[in-house]
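Examining the three-dimensional arrangement
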Amino acid sequence: MPDSQSTDRPASRRLPLILSAVVAGAIVGYGIVHNLGALTQQAAGDADCAGAVALAQKIAPLATGEVAALTMTSKPIKMPDLAFEDGNGNPKKLSDWKGRTVLLNLWATWCVPCRKEMPALEGLEARLGGDKFQVVAVNIDTRDLEKPKAFLKEANLTKLGNFSDAKAKVFQDLKTIGLALGMPTSVLIDGKGCQIANIAGPAEWNSEDAVKLIQAALKP
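Position numbers for residues count from 1 along each chain, tracking the sequence in the order it is written. Owing to the predicted nature of the model, reporting of local features is limited to residues with pLDDT of at least 70; listing and counting of side-chain atom pairs is limited to 80 or more, with chain, interface and lining totals taken over all residues. Hydrogen atoms and water are omitted, and side-chain values are computed over all heavy atoms in the structure.

**Some thoughts on the packing of aromatic side chains**
- Ring pairs are drawn from Phe, Tyr and Trp, using the six-membered ring of Trp, whenever the two centres fall within 6.5 Å, and their geometry is named by plane angle: stacked under 30 degrees, edge-to-face over 60, tilted for the rest. By the definition in use, this model includes 4 aromatic pairs.
- Judged by centre distance (6.0 Å) and plane angle (25°), the ring pair of Phe-84 and Trp-97 falls under stacked. Highlighted residues: Phe-84 in strand β2 (residues 83-85) and Trp-97 in the loop between β3 (91-93) and β4 (101-107), separated in sequence by 13 residues.
- According to the relative accessible area criterion, Trp-97 is buried, its value standing at 6%. Secondary structure counts use DSSP, requiring at least four H or I residues in a row for a helix and at least two E residues in a row for a strand, with both numbered from the N terminus. We call a residue buried when its accessible area falls under 20% of the maximum for its residue type, exposed when it is over 50%, and partly exposed in between, using a 1.4 Å probe and counting protein chains only.

Right under this line is the structure:
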């Protein structure tokens, strides 16, 4: 006659293993569902940014001449909350400009087209900069932090803020979402932090073509 204790013991040992397997399966299942949900949401875009798509379609006919290379967004995309610093080393984020339309520009002193473009960005900021719009030009020099400061001073660019990211993470963040393919890179963003348009390469931002397009983007 078998010992009842000997037959019960293996079952008691198997129980924790069974429970562990069930818990592990539940965790994996949750992870799969969660990731699928995130991917589905990403593919569908951000519902809060539907207005930016409509605005992009509205101003698309104005993307001519000096700003003909602008690509208007066709999908509601929320920009990452890019982090950088101001001229005093204080932390800044893209969300600090919430409520204002922003022309975000990434530049570097080693980038010849960037340097040539900066006076045009200065001119655009001088003409339209205010409580509704601002040019946010972020420098990504990583070796000599004094070079961009010296360049802005020598070029007498006093309207543009001295924003910088010595780690160039802003470039990588934009590259991850397909918006930074080279230098300079500019992205037009609405007050909710949604992409309106982008351009890879320089543009004559102080031209009448650019000013008309930005003014149209600012109209309610």
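**Quick notes on the state of the cysteines**
- In this description, the term disulfide denotes a pair of cysteine sulfurs within 2.5 Å. Summed over the entire model, instances satisfying the criterion amount to 2 disulfides.
- Residue Cys-49 pairs covalently with Cys-194 via a disulfide, S to S 2.1 Å. Between Cys-49 and Cys-194, the S-S torsion sits near -70°, and that sign places the bridge as left-handed. Here Cys-49 is found in the loop between α1 (4-44) and α2 (50-59), whereas its partner Cys-194 is found in the loop between β7 (185-189) and β8 (195-200), with 145 residues between them in sequence.
- A residue is classified by how much of its surface remains accessible, and Cys-49, at 0% relative accessible area, is buried.
- Between the sulfur of Cys-111 and that of Cys-114 lies a disulfide, 2.3 Å long from S to S. Every disulfide takes its handedness from the sign of the S-S torsion; for Cys-111 and Cys-114 that torsion is 80°, giving right-handed. Here Cys-111 matches Cys-114 in class, with each residue buried.
- For the protein, the bonded cysteines connect in the pattern 1-4, 2-3 when numbered consecutively along the sequence.

**Remarks on the pairing of β8**
- For β8, the buried fraction is high: 5 of the 6 residues fall into the buried class.
- Pairing between two strands requires that DSSP report at least two bridges joining them. Direction of pairing for strand β1 (residues 71-72) relative to β8: antiparallel, over a ladder of 2 bridges. Across the sheet, Thr-71 pairs through a bridge with Asn-198, a residue of β8.
- Here β7 runs beside β8; their pairing, made up of 5 bridges, is antiparallel. Residue pairing in the sheet places Ile-189 in a bridge with Gln-195 of β8.
- Hairpin geometry of β7 and β8 is characterised by an intervening segment of 5 residues between the two adjacent antiparallel strands and by a positive phi of about 85° at Gly-193.

**Regarding the nonpolar core**
- Of all hydrophobic cores here, the largest spans 60 residues; its most connected members are Leu-188 and Trp-205.
- When checking whether two residues touch, look at their non-hydrogen atoms; a contact exists if any pair is within 4.5 Å. Residues in contact with Trp-205, not counting those within four places in the same chain, are Val-67, Leu-70, Leu-103, Glu-117, Ala-120, Leu-121, Leu-124, Ser-186, Ile-199, Ala-210 and Val-211. Residues grouped as a nonpolar core are buried Ala, Val, Leu, Ile, Met, Phe, Trp, Tyr and Cys residues, joined through side-chain atoms within 4.5 Å.

**With respect to the side chain of Asn-105**
- Considering the arrangement of structural elements, one finds Asn-105 in strand β4.
- Under the rule applied, a polar contact is a pair of N or O atoms within 3.5 Å (in protein, one hydrogen donor and one hydrogen acceptor; residues adjacent in sequence only if both atoms are side-chain atoms). Here Ser-186 takes part through its side chain, which lies 2.9 Å from a polar atom of the side chain of Asn-105.
- Every residue in contact with Asn-105, bar those within four places of it in the chain, is listed here: Glu-117, Met-118, Leu-121, Val-136, Ala-137, Val-138, Pro-184, Thr-185 and Ser-186.

**Some points on the confidence of the model for the protein**
- Residues at a pLDDT of 70 or more form 80% of the protein, whose mean pLDDT is 85.
- Contacts for the low-pLDDT stretch residues 1-12, under 50 throughout, to residues beyond four places or in other chains number 0 contacts.
- pLDDT measures the predictor's confidence residue by residue and takes values from 0 up to 100. Residue range residues 15-44 is modelled with pLDDT below 50. Its contacts to residues more than four positions away, or to other chains, number 4 contacts.

**Let's talk about helix α5 (residues 169-176)**
- All of the buried residues in α5 are Val-170, Phe-171 and Leu-174. Seen from one end, α5 has its buried residues packed into an arc of 100°, which puts them on one side.
- Taken together, the buried residues of α5 touch β2, β4, β5 (133-139) and β7.
- In the segment just after α5, Gly-178 is the residue with positive phi, at about 80°. It is the directions from the helix axis to the C-beta atoms that the arc portrays.

**Points about the pattern of salt bridges**
- By salt bridge we mean one thing: a side-chain nitrogen of Lys or Arg within 4 Å of a carboxyl oxygen of Asp or Glu. Scanning the model with the defined rule gives 4 salt bridges in all.
- Salt-bridge contacts for Asp-96 lead to Lys-92; the nearest nitrogen and oxygen are separated by 3.9 Å.
- Accessibility expressed as a relative area gives 23% for Lys-92, which makes it partly exposed.
- Note that Lys-149 is salt-bridged to Glu-146, the shortest N-O span being 3.8 Å. Taken together, the residues span about one helical turn, with Lys-149 and Glu-146 both in helix α4 (residues 146-154) at a distance of 3 residues.

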